[in-house]
Amino acid sequence: MADDADAREVELTEAARRLRVHYMTAYRYVRTGQLPAARRGGRWWVTARAISDFRSERGRPRVASDGVSGAGSPAALVRRLVQGDEGGCWQLLQAQLENGREPQRLLTEGLAVAMRRIGDAWAAGVLTVADEHRATAVALRLLARLGPMCVRPGRPRGAVLLACVPGEQHSLPSAIVAAVVRGAGYTVVELGADTPLAALEETLTAQHLVAAGLSVGSDDRLEACREAVRTVRGVAPTVPLLVGGPAVTSEQQARDLGADRWAADAHDALVVLDEVWADRRQRP
Ligand code: B12
């Protein structure tokens, strides 16, 4: 009886509710190996036992909650990003690489976490828009260094379009997705920040795609996202469409925007793309 109840699985959204944390926090626990979960049907599943174990172990530190431990805590990275100190940032990241940390992880659990903290500090009025711009400029150069290191052996997997919706200036989130997806063998057609609808149409007609992805950074761009989704559907109705970004925090929200799939971060985007790719290969 007790074993059955322990083994019963719930979706990660429900696990987050039971742990009283945001979905993205629970997701990061999964990603950093703190909360065991299984992926099925594009969703994460957690056993009741794993949730209660997590709760009871919560007091005992295992790894830093953001997955970055040892040399180069996010606080140090945040400080150097805001100072515009690229050399200092690279020193921290290089120490992590020498510690055996994967470049993909440094992007999604190092740089991304540091940038999110900068966002929280901006929202709290501690940092300015200028600080955000300075940090992003350095982060993009660090991405240019780490990106090529993300390449893993394997066969080429077709082309994926990635674009920020019209008016969207948050370029780093989708640039990180592009680096990780490119590293996994996909050809990424990366259109970057503020992609006009006409450029989307032109690329969709010119390119045979495995999938397309739209990135949205803030709520004021969600309407532009709906319009971009309509444009993609109009030109390439059979191309699977993913939506993600700081302003899209759930599968349901992505589907409400008209997309087929959502992913919380670059790793999840790769899992979803591999599912889409495998699915398309099976269809005649
Ligand atoms: C730097 C920054 C800026 C810079 C951008 C500079 C640049 N060239 O990129 C500037 C100063 C321009 C800016 C402007 C604004 N910003 Co700003 N910005 C940020 C900040 C601090 C970092 C962005 C970043 O790089 N994030 C880190 C990356 C890596 O994000 P990530 O979510 O981990 O990315 C992963 C996933 O989202 C996913 N993903 C991303 N794209 C895609 C696409 C697909 C298809 C898929 C499947 C997955 C996927 O994978 C990524 C990698 O793992 C964020 C803080 C934050 N939490 O992100 C605020 C933030 C995004 N900004 C915010 C806001 C409100 C604004 C402004 C509206 C402020 C204003 N009033 O002017 C404007 C809007 C501008 C616009 N829409 O274009 C809010 C958004 C809140 C909301 N939901 O609306 C945030 C969250 C800050 C906060 N805490 O409130 N910003």
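Rules used in this analysis
- Residues numbered from 1 in each chain as written.
- Predicted model: local features only at pLDDT ≥ 70, side-chain atom pairs only at ≥ 80, totals over all residues.
- Heavy atoms only, no water.
- Donors = N, O, S within 2.8 Å, 3.2 Å for Na, K, Ca; no water.
- Helix = DSSP H or I, 4+ residues; strand = E, 2+ residues; numbered from the N terminus.
- Salt bridge = Lys/Arg side-chain N within 4 Å of Asp/Glu carboxyl O.
- Buried < 20%, exposed > 50% of the residue type's maximum accessible area, 1.4 Å probe, protein only.
- Pairing = 2+ DSSP bridges.
- Axes fitted to C-alpha atoms, helices over the stretch in contact; angles between N-to-C directions.
- Core = buried A, V, L, I, M, F, W, Y, C linked by side-chain atoms within 4.5 Å.
- Domains from an automatic or database assignment.
- Contact = heavy atoms within 4.5 Å.
- Near = heavy atom within 4 Å.
- Polar contact = N/O pair within 3.5 Å; in protein donor to acceptor, adjacent residues only side chain to side chain.

**Overview of the coordination of the cobalt atom of the ligand**
So, point 1. Within the protein, a single donor atom binds the cobalt atom of the ligand, namely His170 (NE2) at 2.2 Å.
So, point 2. With respect to the helices and strands, His170 occurs in the loop between strand E4 (159-164) and helix H9 (172-183).

**Comments concerning the pattern of salt bridges**
So, point 1. On inspection of all chains with the given rule, the structure shows 16 salt bridges.
So, point 2. Notably, a salt bridge pairs Arg17 with Glu14, separated by 2.6 Å at the nearest N-O pair. In this pair, Arg17 and Glu14 both sit in helix H2 (residues 12-18), 3 residues apart, roughly one turn of the helix.
So, point 3. Taking relative accessible area as the criterion, Arg17 reaches 56% and is therefore assigned exposed.
So, point 4. According to the relative accessible area criterion, Glu14 is partly exposed, its value standing at 22%.
So, point 5. Where Arg261 meets Glu251, a salt bridge forms, and the shortest distance between an N and an O atom there is 3.8 Å.

**A short note on the sheet that holds strand E1 (residues 9-11)**
So, point 1. If you walk across this open sheet you meet the 3 strands as E1-E3-E2, and the pairing is antiparallel. Pairing within the sheet leaves two strands with one partner each, and these edge strands are E1 and strand E2 (38-40). Ignoring strand direction, the axes of neighbouring strands in this sheet form an average angle of 40 degrees.
So, point 2. With 3 bridges connecting them, E1 and strand E3 (residues 43-47) associate as antiparallel partners. Considered in E3, the bridge of Val10 is made with Val46.

**A look at the nonpolar core**
So, point 1. Within the largest apolar cluster, 48 residues are counted, with the highest numbers of intra-cluster contacts made by Leu77, Leu81, Leu107, Ile118, Leu142 and Tyr186.
So, point 2. Going through the elements one at a time, helix H5 (74-82), helix H6 (86-98), helix H7 (103-123), helix H8 (129-146), E4, H9 and helix H13 (266-282) are the ones with two or more residues in this core.
So, point 3. Broken down by element, this core gets its largest block of residues, 8 residues, from H9.
So, point 4. For this core, the domains that each give at least three residues are domain 2 (75-150) and domain 3 (159-282).
So, point 5. Among all residues touching Tyr186, those that are not within four sequence positions of it are Arg157, Gly158, Val160, Val181, Val210, Leu270, Leu273, Asp274 and Trp277.

**Considering the site of the ligand**
So, point 1. In the neighbourhood of the ligand, 38 residues make up the surrounding shell, with Arg116, Gln169, His170, Ser215 and Asp219 lying closest.
So, point 2. At 3.3 Å from an oxygen atom of the ligand is found a main-chain nitrogen or oxygen belonging to Gly167.
So, point 3. At a separation of 3.0 Å, an oxygen atom of the ligand approaches a polar backbone atom of Ser171.
So, point 4. At the level of elements, H7, H8, H9, strand E6 (211-215) and strand E7 (241-244) are the ones that each hand at least two residues to the shell around the ligand.
So, point 5. When residues of the shell around the ligand are assigned to domains, at least three map to each of domain 2 (75-150) and domain 3 (159-282).

Shape descriptors only; they carry no functional weight alone.
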